[in-house]
Amino acid sequence: MITGAASGIGRATALIFAREGARVVCADIDAEGGAETARQVEAAGSEAIALRVDVTRRDQVRAMIGEAIARFGRIDVLFNSAGSALRRCGFLEIDDALWDRSYDLNVKGTFYGMQEVLPHMLAAGGGVIVNMASMAHRRGGPGGSVHYASAKGAVVTLTMGVAREFADRGIRCLSVSPASVETAFQAASGTSPEMEARIVAGIPMKRMAEADEIGELVVFLASDACQFMTADTVYVSGGGGYR
Ligand SMILES: NC(=O)c1ccc[n+]([C@@H]2O[C@H](COP(=O)([O-])OP(=O)(O)OC[C@H]3O[C@@H](n4cnc5c(N)ncnc54)[C@H](O)[C@@H]3O)[C@@H](O)[C@H]2O)c1
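First, a word on what this report is: a plain description of the structure on this page. Every residue gets a number counted from 1 within its own chain, in the order that chain's sequence is written. Only residues with pLDDT of 70 or above have their local features reported here, since the model is predicted, and side-chain atom pairs are shown and tallied only from 80 upward, although totals for entire chains, interfaces and linings are computed over all residues.

**Observations regarding the overall build of the protein chain**
Next, step 1: Helix numbering and strand numbering both begin at the N terminus, where a helix is a DSSP run of H or I of at least 4 residues and a strand a DSSP run of E of at least 2. Helix and strand counts for the protein chain come out as nine helices and seven strands.
Next, step 2: Taking 2.2 N^0.38 as the reference for a compact globule, 243 residues should give roughly 18 Å; the C-alpha atoms of the protein chain span a radius of gyration of 17 Å, in line with that estimate.
Next, step 3: When the backbone C-alpha atoms are referred to their principal axes, the protein chain occupies close to 45 × 40 × 35 Å.
Next, step 4: Considering only intrachain contacts with a sequence separation of at least 6, the fraction spanning at least 24 residues in the protein chain is 71%. The globule rule used here is 2.2 Å times the number of residues to the 0.38 power, and the radius of gyration it is set against is calculated over C-alpha atoms. By the criterion used throughout, residues are in contact when their C-beta atoms, derived from the backbone, lie within 7 Å.

Given below as structure tokens:
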């Protein structure tokens, strides 16, 4: 199950899971985009359903999990990719609405997903949860996205706590912390061309990550390849950008 599956990293990851033969639940607030991802998963030869969900609403997240279980019987992997920086502004300009929306989407959305799926995973004997954090949590987002960076820091800590609480019950939980990725996120978060140039200049590889590169990592983490991994965040940074 993937939230934020209508676009960017979520869609790329859905298609990589499909390549590996997984059945994919494509969940997103953007119903049309989610349906398009599901069509692409089916075109790749796997099965998919698209569900419209606002991850900031517990009732909708609960319904999403219920529908997925009704259709596929169990959820082996939950990838919480839905998230955004929403808007860039200096720390003193962050108002209550931006703060609350940032935490609702990036933190509460992740919290709801984990709390609603865990009882099913525990009953089934195990599962893997991968949450989307960001390199931003290492830098604090000065001058544009402290609201977002701090919310992603909360995602890293939330992931660690859940991983450690359930580590001896078949559950693994990890987060991924990419530097900038070439997706609709940049436009949706108000990244200006000048800011984008500064970001790229600060990355030793002098480019942003591609969504597929993050998707490959998520599928690896969710696989049985390295089952000793849990709790930590994994950086995908092109060599740094810690500035
Ligand atoms: N692109 C980057 O530079 C970058 C870097 C680090 C981390 N991230 C994180 O990666 C994740 C995916 O971002 P992306 O780059 O694919 O961006 P994206 O904008 O392409 O995709 C985000 C998806 O989340 C969905 N979404 C937004 N609000 C939602 C809600 N309330 N309920 C359900 N779905 C909702 C959007 O409709 C969209 O399909 C986010 O959590 C983002 O914070 C992105």
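Structure's up, so let's keep going.
**Quick look at unusual backbone geometry**
Next, step 1: The phi angle at Lys 206 is positive, at roughly 60°, despite the residue not being glycine.
Next, step 2: Secondary-structure assignment places Lys 206 in the loop between α8 (193–201) and α9 (211–222).
Next, step 3: In this model, Ala 231 sits at a positive phi of 80°, which is unusual for a non-glycine residue.
Next, step 4: Relative to the assigned elements, Ala 231 resides in the loop between α9 and β7 (233–236).
Next, step 5: Since 17 C-beta atoms lie within 10 Å of it, Ala 231 is described here as partly exposed. With C-beta atoms placed from the backbone, a residue is buried if 20 or more other C-beta atoms are within 10 Å of its own, exposed if 12 or fewer are, and partly exposed between those counts.

**As for the site of the ligand**
Next, step 1: The C-beta atom of each residue is placed using the backbone, and any residue whose C-beta lies within 6 Å of a molecule or strand is treated as near it. Contacts to the ligand come from 29 residues, most closely from Gly 4, Ser 7, Gly 8, Gly 83 and Phe 185.
Next, step 2: Taken together, the elements giving at least two residues each to the shell around the ligand come down to α1 (8–19) and α7 (185–188).
Next, step 3: Considering each element in turn, the shell around the ligand owes the most residues, three residues, to α1.
Next, step 4: Tallied by class, the residues present in the shell around the ligand amount to 13 nonpolar, 13 polar and three charged. In this classification, Asp, Glu, Lys and Arg are treated as charged, Ala, Val, Leu, Ile, Met, Phe, Trp, Tyr, Cys and Pro as nonpolar, and every other residue, Gly included, as polar.

**Side note on the pairing of strand β5 (residues 127–132)**
Next, step 1: Along β5, six of the six residues are buried, which leaves the element largely enclosed by surrounding structure.
Next, step 2: Of the two faces of β5, both are covered, the one formed by Gly 127, Ile 129 and Asn 131 as well as the one formed by Val 128, Val 130 and Met 132.
Next, step 3: Crossover handedness is defined here as right-handed if the route from the first strand over the helix to the second strand goes clockwise, with the strands pointing away from the viewer. Note on the crossover from strand β4 (residues 77–80) through helix α4 (residues 96–124) to β5: the handedness is right-handed.
Next, step 4: Relative to strand β6 (residues 171–178), β5 runs parallel, the two sharing six bridges. Two strands qualify as a pair provided DSSP detects at least 2 bridges between them.

**As for the environment of Met 135**
Next, step 1: Here Met 135 shows up in the loop between β5 and α5 (136–139).
Next, step 2: Since 24 C-beta atoms lie within 10 Å of it, Met 135 is described here as buried.
Next, step 3: When the C-alpha positions of Met 135 and Gly 153 are compared, they lie 9.2 Å apart, and in sequence the two are 18 residues distant.

What is shown is where atoms sit, not what they do.
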